[in-house]
Amino acid sequence: MHVKVVDDRIEHVDFSIFEPPRFFEAFLRGRPHTDAPDITARICGICPIAYQMSSVHAMEGAFGVTVGGALRELRRLIYCGEWIESHALHVYLLHAPDFLGYESGIHMAADHRDVVEQGLRLKKAGNAVVTLLGGREIHPINVRVGGFYRVPTKKELEALVPELEWSRDAAVATIKFVSGFTFPEAEMDFEYVSVSHPDEYPFNEGRIVSSKGLDIDVSEFNRYFLEEHVERSNALHSRVRERGAYHVGPLARYNLNFEKLTPLAQKTAWEVGLGETCNNPFKSIIVRSVETLYAVEEALRIIDAYDEPAEPFVAYDVREGEGHGATEAPRGMLYHRYRVSEDGRIADAQIVPPTAQNQLTIESDLRYVLERHLDLPDEELSWVLEQSIRNYDPCISCATHFLDLTIERA
Amino acid sequence: MGGVVVIGVGNRMMGDDAAGPAVIDRLAGRLAPGVRLVESVGDATHLLDSWGGAQQAIVVDAVVAGGAPGTVHRVDGTEGFPSAWRSASTHLIGVAEAIDLGRAVDMLPEQLVVYGIEIESVAPGVELRPEVEGAVGLVAGRIVEELS
């Protein structure tokens, strides 16, 4: 991140912590379409399932395959696991320390060991779901176009239930705990964008909708959204063509899909005063906690209703075509597009991660924060900015996880 | 408590950052049957889970510490972590963070050895540069000796 201040005026804010997955798009070209889920899963170590899901949905779209029934439910279940892990990590170990006045989760652990342990246990419950269905918790290898290589037995899934039941209570306690923090005032006027499905809180399927009236099929993404190169960096900024910056992630999903949360999640949200909408990015920690509760309850529902399908995947014929997938990664909507040749190889790939979509919004938020705190010494200013960035749970490209902040004052 | 785990930290699609997972590949079939081999992107909580319950853990990670690429370091992870290896991350990604967190919540294995393989930088790619590839073979050999 680079900030240039001239005569106490912000001349320039450049936030480009996120490298777009250009390498992956190029690497996929010419490879078998079946490679997409495994290779794109490596773009992010924290949310491999999201990459797998968007890629398999896109491929299935290209081939005209529909995955329904228990296989569709298992996909929602593995997504529940990823949300639980990712949200627990962010809420407890990355975000809570900001509100409790600690430099990091490690520093917080000395005084609040029970809190950290609760977070670790919740995260582990999510890991267990992903490991069982994915085959391996980081970079799962069991997801394939059409379904899974192997599906779990009912008994295997039922073994997850006791820890998920503990997690349900822990998630309710988490919502109550984090809603007691002191939140800076902020009321943002974002255009929220998320996947939306008539009957479900969104994971895998639905249309792309926004708080400013957008309601499109996933295949129309490029017609309504634009990825723009940013000068002086490799970063890409996404914008709604007609309007500009937008926001994806828990706040967007929550504001656009509140009524599809479980009754307990809705009730708890009301109890802690969150209401049906939330426009304060600092309070995203409460929203993540509500989504964690949702994911735990949804996982329990799916396991309870599960009947092992006869086949672990839907057979399909390879054909030339183009497919689109948009699913809800923990940190927001993730869009994939592939063109597949007649021989089943990838002719073209496009991957638009949530953090790339949020970059413009984060940048404008940082400018807002900077304008109000320019008088702080660099070190404190840097801390305030880091906190603002953490509100958005950005996917720091896992290999280059450095937040380099340069403040240039002239 | 018991058991031995070897954890290779890194991303296979990020060039020399794949040194850790590459060591895991080289160890397949060369260790006693009870030794667990784990690949990790280095999320601290995943590392805690990976060495949870083990009496002895060996972690291999690519490090940028200013030395020549391919240089191999071996440190006792229970005694802290070389400050030069620390990332500026506040995102709990990395072996140093995992060790600090593990110490705070009492989740460190009794024996914890960390091998650091020096790399120059992390950039997308699927090839290891020859010096790093050589170090991968060396570290795999040392781990086989250490655990035999």
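Residues numbered from 1 in each chain as written. Chains lettered and ligands numbered in written order. Predicted model: local features only at pLDDT ≥ 70, side-chain atom pairs only at ≥ 80, totals over all residues.

Helix and strand counts for chain B stand at four helices and five strands. What you see in chain B, going N to C, is helices and strands ordered as β-α-β-α-β-β-α-β-α. Against the compact-globule benchmark of 15 Å for 148 residues, chain B has a radius of gyration of 14 Å, which places it among compact chains. The principal-axis extents of the C-alpha atoms in chain B amount to approximately 40 × 35 × 25 Å. Summarising the internal contacts of chain B: among those between residues at least 6 apart in sequence, 77% fall at separations of at least 24. (Helix = DSSP H or I, 4+ residues; strand = E, 2+ residues; numbered from the N terminus. Rg over C-alpha atoms; globule rule 2.2 N^0.38 Å. Contact = placed C-beta atoms within 7 Å.)

The next thing to look at is the overall build of chain A. The helix and strand inventory of chain A stands at 14 helices and 13 strands. In terms of overall size, chain A behaves like a compact globule, its C-alpha atoms giving a radius of gyration of 21 Å where 410 residues would be expected to give roughly 22 Å. The principal-axis extent of the C-alpha atoms belonging to chain A is close to 65 × 45 × 35 Å. Taking all 410 residues of chain A together, 50% fall into the buried category. Contacts in chain A between residues far apart in sequence, at least 24 positions, make up 74% of those at least 6 positions apart. (Buried ≥ 20, exposed ≤ 12 C-beta atoms within 10 Å, placed from the backbone.)

Below, the discussion takes up unusual backbone geometry. Backbone geometry at Asp 393 of chain A places phi at a positive 45°, although glycine is not the residue there. Of note, Asp 393 of chain A is situated in the loop between α14 (378–390) and β13 (406–409). Despite not being glycine, Asp 106 of chain B shows a phi value in the positive range, around 60°. Relative to the helices and strands, Asp 106 of chain B resides in the loop between α3 (95–104) and β5 (111–118).

This next bit is on the environment of Val 113 of chain B. Residue and element names in this part refer to chain B. By the element assignment, Val 113 lies in strand β5. Note: C-alpha distance between Val 113 and Asp 43 (70 residues apart in sequence) is 18 Å. Setting aside anything within four residues of it in sequence, one finds Val 113 in contact with Ile 58, Arg 74, Asp 76 and Gly 77.

Among the nonpolar cores identified, the biggest contains 141 residues, and Val 290 of chain A together with Ala 19, Ile 117 and Val 136 of chain B are the most heavily contacted of them. Among the elements that take part in this core, helix α4 (residues 69–100) of chain A stands out by supplying 13 residues, more than any other. One finds Val 3, Val 13, Phe 15 and Ile 362 of chain A within the second-largest nonpolar core, a separate group that totals eight residues. (Core = buried A, V, L, I, M, F, W, Y, C linked by C-beta atoms within 7 Å.)

All names here are of chain B. Read across the open sheet, the five strands follow the order β2-β1-β3-β5-β4; overall the sheet is mixed. With one partner strand each, in any of the chains shown, β2 (36–40) and β4 (72–76) form the two edges of the open sheet. On average, each strand axis in the sheet is tilted by 20° relative to the strand beside it, whichever way the strands run. Relative to β5, β4 is paired through five bridges, and the arrangement is antiparallel. Opposite Val 75, over in β5, you have Val 114 as the bridge partner. Against the sheet, helix α4 (residues 130–146) contacts β1 (4–9), β3 (56–63), β4 and β5, and its axis sits at roughly 160° relative to β5. (Pairing = 2+ DSSP bridges. Axes fitted to C-alpha atoms, helices over the stretch in contact; angles between N-to-C directions.)

Residue and element names in this part refer to chain A. Residue placement: Leu 133 occurs in helix α6 (residues 113–134). Judged by the 26 C-beta atoms lying within 10 Å of it, Leu 133 is buried. For Leu 133, the residues in contact, after removing those within four places along its chain, are Leu 74, Leu 77, Ile 78, Gly 81, Asn 142 and Pro 152.

This brings us to the pairing of β3 of chain B. Residue and element names in this part refer to chain B. For β3, a buried count of seven out of eight residues is recorded, marking the element as mostly surrounded by other parts of the structure. The pairing of β1 with β3 spans six bridges and is classified as parallel. Within β3, the residue paired with Val 5 across the bridge is Ala 57. In the sheet, β3 pairs with β5 via eight bridges, with the strands oriented parallel. Residue pairing for β5: Ile 58 is matched across the bridge by Val 113.

This next bit is on the confidence of the model for chain B. All names here are of chain B. Confidence in the prediction of chain B, expressed as mean pLDDT, is 89, and 94% of residues score 70 or more. For chain B, the element scoring lowest by mean pLDDT is α3, at 90; α4 scores highest, at 98. Across the interface, the model reports ipTM at 0.90; the global pTM reads 0.94. (pLDDT = per-residue confidence, 0-100.)

Here we take up the packing of α4 of chain A against α6 of chain A. All names here are of chain A. With their axes 8 Å apart at the nearest point, α4 and α6 run at an angle of 155° to one another. Put simply, α4 runs roughly antiparallel to α6. Considering only the axes of α4 and α6, their crossing is left-handed. By residue class, the composition of the contact of α4 with α6 is 18 nonpolar, five polar and three charged. (Parallel < 35°, antiparallel > 145°, perpendicular 65-115°, else oblique. Left-handed = near helix turned anticlockwise from the far one by under 90°. Nonpolar A, V, L, I, M, F, W, Y, C, P; charged D, E, K, R; others polar.)

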